[in-house]
Amino acid sequence: MKKELKQIVEPIVKWYQKQEKTLPWKQDKEPYHIWVSEIMLQQTRIEAVKKYYTRFMKELSTIHDLAIVPEEKLLKLWEGLGYYSRARNLKKAAIQIEQEYNGKLPTSYTELLNLLGIGEYTAGAIASISYKEKVPAVDGNVLRVVSRVLASKEDVLLPETKRKITKELLEIMPNEPGDFNEGLMELGEKICLPNTVPLCETCPIQEFCMANKKI
């Protein structure tokens, strides 16, 4: 299984690096920007997040700004995104960062997990994209892509399936972990689509995909 997955690393990294990065949070690898964007993208489509992210960053451009913002203003900035606990947890985590980490996001996956509202996926995204730590960021898109590459029949909704795939990805992380993670996510979002026919003819790893070979 490791051999099959290792084959997809280089094609995905190269494919991702050629993509036009027009999203506002992809213009840099600033950990604060990655953190806020990843929290906003939970339960919300990319196109919908763009305007909220831009407005949010204009008002709260630093972790300190987020830590001291009145809740009423914070929720007004978040209005329309829903799931308001995400915004409240962002502020609580910002206060935690101010108090425990001198106002800077922790630089390791393990420490990031200590922050309120940051789970394994978000910690993996920040650590790999901003700090180049070789850790996976496994969301639904990644689970779907890897399962199809391996032609696995395991239920991706089960925690043990996620743990298994996370472990397998951990063993093949390249020197560009952020690009690999984002490439997997983008592949699942744009090509390896759920609940419809995937766009296999445009996929950079179709020759290595066992599900594609079975079509």
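Higher on the page you've got the structure.
Now for a description of the structure that goes with this document. (Residues numbered from 1 in each chain as written. Predicted model: local features only at pLDDT ≥ 70, side-chain atom pairs only at ≥ 80, totals over all residues. Heavy atoms only, no water.)

What to know about the state of the cysteines
Our working definition: Cysteine sulfur atoms that pair up within 2.5 Å are treated as a disulfide.
All chains considered together, the criterion is met by zero disulfides. Left unpaired, Cys 203 is separated from the closest cysteine sulfur, that of Cys 192, by 6.5 Å.

Focus: the nonpolar core
Inclusion rule: Buried Ala, Val, Leu, Ile, Met, Phe, Trp, Tyr and Cys residues form a nonpolar core when they are joined through side-chain atoms within 4.5 Å. Buried means the residue's accessible area, taken with a 1.4 Å probe over protein chains only, is under 20% of the maximum for its type, while exposed means over 50%, and partly exposed covers the values in between. Only DSSP runs of H or I covering at least 4 residues are called helices, and only runs of E covering at least 2 are called strands; the numbering of each starts at the N terminus.
In terms of nonpolar packing, the biggest core is built from 70 residues, with Trp 35, Phe 56, Leu 66 and Phe 180 touching the most fellow members. Among the elements that line this core, the one with the most residues is helix α1 (residues 2-18), at seven residues.

Remarks on helix α10 (residues 159-170)
Just so we agree on the cut-off: Each helix should span, by expectation, one fewer than its residue count multiplied by 1.5 Å. Think of the arc as the fan of directions from the helix axis to the C-beta atoms.
Relative to the 16 Å expected for twelve residues at 1.5 Å per residue, α10 spans 16 Å between its end C-alpha atoms, a close match to the ideal helical length. Of the residues making up α10, those classed as buried are Thr 161, Ile 165, Glu 168 and Leu 169. For α10, the angular spread of buried residues about the axis comes to 100°, placing them on one side. Of the exposed residues in α10, the ones pointing more than 90 degrees away from its buried face are Arg 163 and Lys 167.

A word on the layout of surface pockets
The condition is simple: Each cavity reported here is a set of points on a 1 Å grid over the protein atoms alone in which a 1.4 Å probe fits but cannot get out, each pocket an open set with protein on both sides within 12 Å along at least five of seven lines, and each lining residue one with an atom within 4 Å of a point. Grid points are joined across faces, edges and corners, and a volume is the space filled by probe spheres set on the points. Residues are grouped as follows: Ala, Val, Leu, Ile, Met, Phe, Trp, Tyr, Cys and Pro are nonpolar; Asp, Glu, Lys and Arg are charged; every other residue, Gly included, is polar.
Roughly 750 Å³ of volume is contained in the largest pocket. Lining the largest pocket are 25 residues, with Leu 41, Ile 46, Asp 139, Asn 141 and Glu 189 sitting closest to its centre. Among the secondary structure elements, those contributing two or more residues to the lining of the largest pocket are α2 (31-41), α3 (46-59), α8 (120-131) and α11 (177-190). For the lining of the largest pocket, the element with the highest residue contribution is α11, accounting for five residues. Broken down by class, the residue content of the lining of the largest pocket amounts to eight nonpolar, five polar and twelve charged. There is about 230 Å³ of room inside the second largest pocket. Lining the second largest pocket are 13 residues; nearest its centre among them are Tyr 109, Glu 120, Lys 162, Arg 163 and Thr 166. With six residues, the single largest contributor to the lining of the second largest pocket is α10. Counted by class, the lining of the second largest pocket contains eight nonpolar, one polar and four charged residues.

Quick notes on the pattern of salt bridges
To be explicit about the condition: For salt bridges, the criterion is a side-chain nitrogen of Lys or Arg within 4 Å of an Asp or Glu carboxyl oxygen.
This structure, assessed with the given rule, holds ten salt bridges. Between Lys 50 and Glu 47 there is a salt bridge, with its nearest N and O atoms 3.2 Å apart. With Lys 50 and Glu 47 both in helix α3, this residue pair falls three residues apart, about one helical turn. One salt bridge connects Lys 164 with Glu 154, and the closest N-O pair in it is separated by 2.7 Å. In this pair, Lys 164 is assigned in helix α10 and Glu 154 in the loop between α9 (140-149) and α10, connecting sequence segments ten residues apart. You can call Lys 164 partly exposed: its relative accessible area is 34%. It is possible to trace a salt-bridge network through shared partners that takes in Lys 26, Glu 182, Glu 186 and Lys 190.

These results come straight from atomic positions and should not be treated as a statement about function.
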